[in-house]
Amino acid sequence: MRSDYLFTSESVSEGHPDKVADQISDAIVDLFLSKDPEARIACETLTTTQLVVLAGEIRCKGVYENGAWAPGAQDEIEKTVRDTVKRIGYEQDGFHWEKLEFINRLHGQSAHIAQGVDAADNKDEGAGDQGIMFGYATDETPDLMPATLYYSHKILERMAADRHSGAAPFLEPDAKSQVTLRYEGSLPVAATAVVVSTQHAPGYDEGEKEAELHAYVKRVVADVIPPVLLRETKYYINPTGSFEIGGPDGDAGLTGRKIIVDTYGGASPHGGGAFSGKDPTKVDRSAAYITRYLAKNVVAASLATRCTIQIAYAIGVSEPLSLYVDTHGTGTVGDDKIEQAILAITRLGGLTPRAIRTHLGLNKPIYRPTAAYGHFGRKAEGDFFPWERLDLVDDLKAAFA
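The shown structure was predicted, so the numbers you read here are calculated from the model rather than taken from an experiment.

Draft legend 1. Region of the structure containing the sheet that holds strand S9 (residues 187-200). Sheet architecture is open: four strands sit in the order S1-S8-S9-S10, paired in mixed fashion. For this open sheet the edge positions go to strand S1 (5-12) and strand S10 (234-237), each flanked by a neighbour on one side alone. Averaged over all pairs of adjacent strands, the angle between strand axes in this sheet comes to 15 degrees, irrespective of strand direction. Sitting on the sheet, helix H5 (residues 207-224) touches strand S8 (171-184), S9 and S10, and the angle it makes with S10 is about 130 degrees.

What follows is the structure, given as structure tokens:
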């Protein structure tokens with residue numbers, strides 16, 4: 001395992017066009033789950049200049065049943081979309097929450113998919129699709145996330161907070177960040193490069209206003225990244241020059257195009273499936289959450305300093321096809337022993353889709369906040385981000401007592 005290297009991760013803000021699409025899709029998931037906890041949703045969103053289009057398959061009591069919309073349901077969907085765009089802060093000529101055109105092309109879920117997923121007679125609920133999912137944790141940061149991604153997210157979160165509060169009125173919603181760290185002995189020792197591209201108000205691309213913007217970004221970076229890591233840092237702030245046209249007006253957005261930003265910034269494999277817009281019967285989402293939960297608890301239990309977990313499913317089949325643990329040579333016990341311990345913890349319920357949803361409490365409207373600044377490394381609070389809890393540590397320690 002290499003111990004000395006450079007590694008980079010990126011993040012994008014809530015106003016990035018793909019993230020606008022993700023947030024709309026997850027706002028629709030939340031809307032339907034608030035009406036029917038057993039709703040089935042696969043909602044894809046397209047955003048472009050003054051246009052939002054929804055497409056996908058749904059089934060939801062009181063909203064869409066027997067091939068027909070309930071009275072007022074489509075109006076509520078449109079309001080949810082516009083409120084999401086407004087919350088992000090888009091009131092621009094090219095993309096405005098009130099003026100954009102909205103098209104709804106959601107339709108009923110395929111009966112052939114439904115028959116494989118739904119529980120019936122002595123058949124348990126099956127996985128909503130085939131696929132492989134990965135979870136990861138590392139002790140690089142307090143949140144047990146890769147440091148490069150952790151800092152990339154935090155920079156943009158801080159800038160968004162300043163934009164919303166009015167502390168940085170020259171900022172507009174669209175932004176990207178990228179952090180490169182130098183590792184020695186597998187520990188980050190220096191931030192060699194920080195890239196921040198942010199949409200801005202007119203005039204902040206030259207002269208004193210440009211200098212004000214650059215100074216602001218450097219202050220944010222200094223607040224987020226420890227000073228000891230910033231001694232040799234090169235900054236690239238709006239390296240292309242002007243960035244006035246942004247968001248869906250500058251580039252079309254689609255649900256699910258920022259999956260590495262959503263997970264671990266490239267430090268871990270990704271199974272391929274996106275999360276946003278999907279109800280928790282889709283193992284693309286729920287199994288990725290349970291593997292993060294398991295990996296995080298393994299590291300928190302001091303069984304390893306790094307842990308990757310893979311799980312695999314077949315559509316319509318309840319039991320996982322495989323479980324794989326890799327502690328990258330940092331484990332204090334064998335990886336096979338950790339696999340056995342996970343499978344032996346009875347309250348996990350065997351890692352079926354139903355067991356995952358029940359253990360983590362996923363049939364709730366908790367998803368819109370996941371759709372910007374990462375699904376992982378967030379604070380478990382109330383019903384939100386339950387996969388970040390560390391309530392499995394004692395079970396894992398007991399298995400090796």
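That shown, we press on.
Draft legend 2. Inspection of the packing of aromatic side chains at higher detail. On inspection of all chains with the given rule, the structure shows 13 aromatic pairs. An angle of 80 degrees between the planes, with centres 5.4 Å apart, marks the rings of Tyr90 and Phe95 as edge-to-face. Phe95 gets classed as buried once you look at its relative accessible area, which sits at 0%. Measuring from ring centre to ring centre gives 5.1 Å for Tyr264 and Phe376, while their planes differ by 5 degrees; the resulting arrangement is stacked. With Tyr264 in the loop between helix H7 (259-262) and helix H8 (283-300) and Phe376 in the loop between helix H10 (353-360) and helix H11 (393-399), this pair connects stretches of sequence that are 112 residues apart.

Draft legend 3. Molecular detail of the pairing of S9. With 10 of 14 residues buried, S9 is to be regarded as a mostly interior element. Linking S8 to S9, which pair antiparallel, is a turn of two residues; within it Gly185 sits at a positive phi near 60 degrees. Crossover connection from S9 via H5 to parallel S10: handedness right-handed.

Rules used in this analysis
- Residues numbered from 1 in each chain as written.
- Predicted model: local features only at pLDDT ≥ 70, side-chain atom pairs only at ≥ 80, totals over all residues.
- Heavy atoms only, no water.
- Pairing = 2+ DSSP bridges.
- Helix = DSSP H or I, 4+ residues; strand = E, 2+ residues; numbered from the N terminus.
- Axes fitted to C-alpha atoms, helices over the stretch in contact; angles between N-to-C directions.
- Contact = heavy atoms within 4.5 Å.
- Phe/Tyr/Trp six-rings, centres within 6.5 Å; stacked < 30°, edge-to-face > 60°.
- Buried < 20%, exposed > 50% of the residue type's maximum accessible area, 1.4 Å probe, protein only.
- Right-handed = clockwise from strand over helix to strand, strands pointing away.

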